[in-house]
Amino acid sequence: MKTEALIAVKDKQTTPDGSESVEITTRGYVIHGHTDTYMICYDERFDEENTCHTTIRVKNGDSVSVVRSGAYSSELIIERGKRQSCFYQTPYGELLIGIYGKQVKSTVKNGSGELKLKYTIDYYGDYAAENEMTIIVTADGGKDEIN
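Summary of the structure given here. Note that the coordinates shown come from a computational prediction; the quantities given were computed from them, not determined experimentally. (Residues numbered from 1 in each chain as written. Predicted model: local features only at pLDDT ≥ 70, side-chain atom pairs only at ≥ 80, totals over all residues. Heavy atoms only, no water.)

Some remarks on the overall build of the protein
Counting its regular elements, the protein contains zero helices and 10 strands. Element order for the protein, N to C, with α for helix and β for strand: β-β-β-β-β-β-β-β-β-β. Taken over C-alpha atoms, the radius of gyration comes to 15 Å for the protein, in line with the 15 Å a tight globule of 147 residues would show. Reported as C-alpha extents along the three principal axes, the dimensions of the protein are approximately 45 × 40 × 25 Å. The proportion of buried residues among the 147 residues of the protein is 37%. Sequence-distant contacts, at least 24 apart, represent 37% of the contacts inside the protein between residues at least 6 apart. Element-wise, carbon and sulfur atoms account for 46% of the exposed surface of the protein, whose accessible area totals about 8600 Å². (Helix = DSSP H or I, 4+ residues; strand = E, 2+ residues; numbered from the N terminus. Rg over C-alpha atoms; globule rule 2.2 N^0.38 Å. Buried < 20%, exposed > 50% of the residue type's maximum accessible area, 1.4 Å probe, protein only. Contact = heavy atoms within 4.5 Å. Areas by Shrake-Rupley, 256 points an atom, 1.4 Å probe, with all protein chains shown as cover.)

Points about the side chain of Thr-3
In this structure, Thr-3 sits in strand β1 (residues 2-15). For Thr-3, a relative accessible area of 13% translates into the label buried. If sequence neighbours within four positions are ignored, Thr-3 has contacts with Gly-28, Tyr-29, Val-30, Asn-110, Gly-111 and Ala-139.

Re unusual backbone geometry
In this model, Asn-110 sits at a positive phi of 55°, which is unusual for a non-glycine residue. Tracing the sequence through the fold places Asn-110 in the loop between β8 (93-106) and β9 (113-123).

The following block contains the structure:
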């Protein structure tokens, strides 16, 4: 079942040098599968020429993959209590990063709810940052305006 939704993504990254937060609000959709499996899909525009399509796939409430395709492609896998090695593409090149999942919590049902992720990032084995990502989806049938 596919549900149009308003999607708000809040990402906070804390490094030894301080914290930085990014927030976006956009339109997208939620696709519900069987049991506790669903996908959140949306597009991000970085500038006039660079757009990425993001698909967040949540499986059984404890495993999440964040796949970006387009200008900067990547796939991050976040599993509670596990470390995954992932390639992450930036405007400056590709990095091999480690993702250790600390928390995956989902209340998304029928196209609305919240997905919270907490994880650490390391570059080639050296600690780099702690991330907290919150994704709020609100089923709206494409009716509401984006603030």
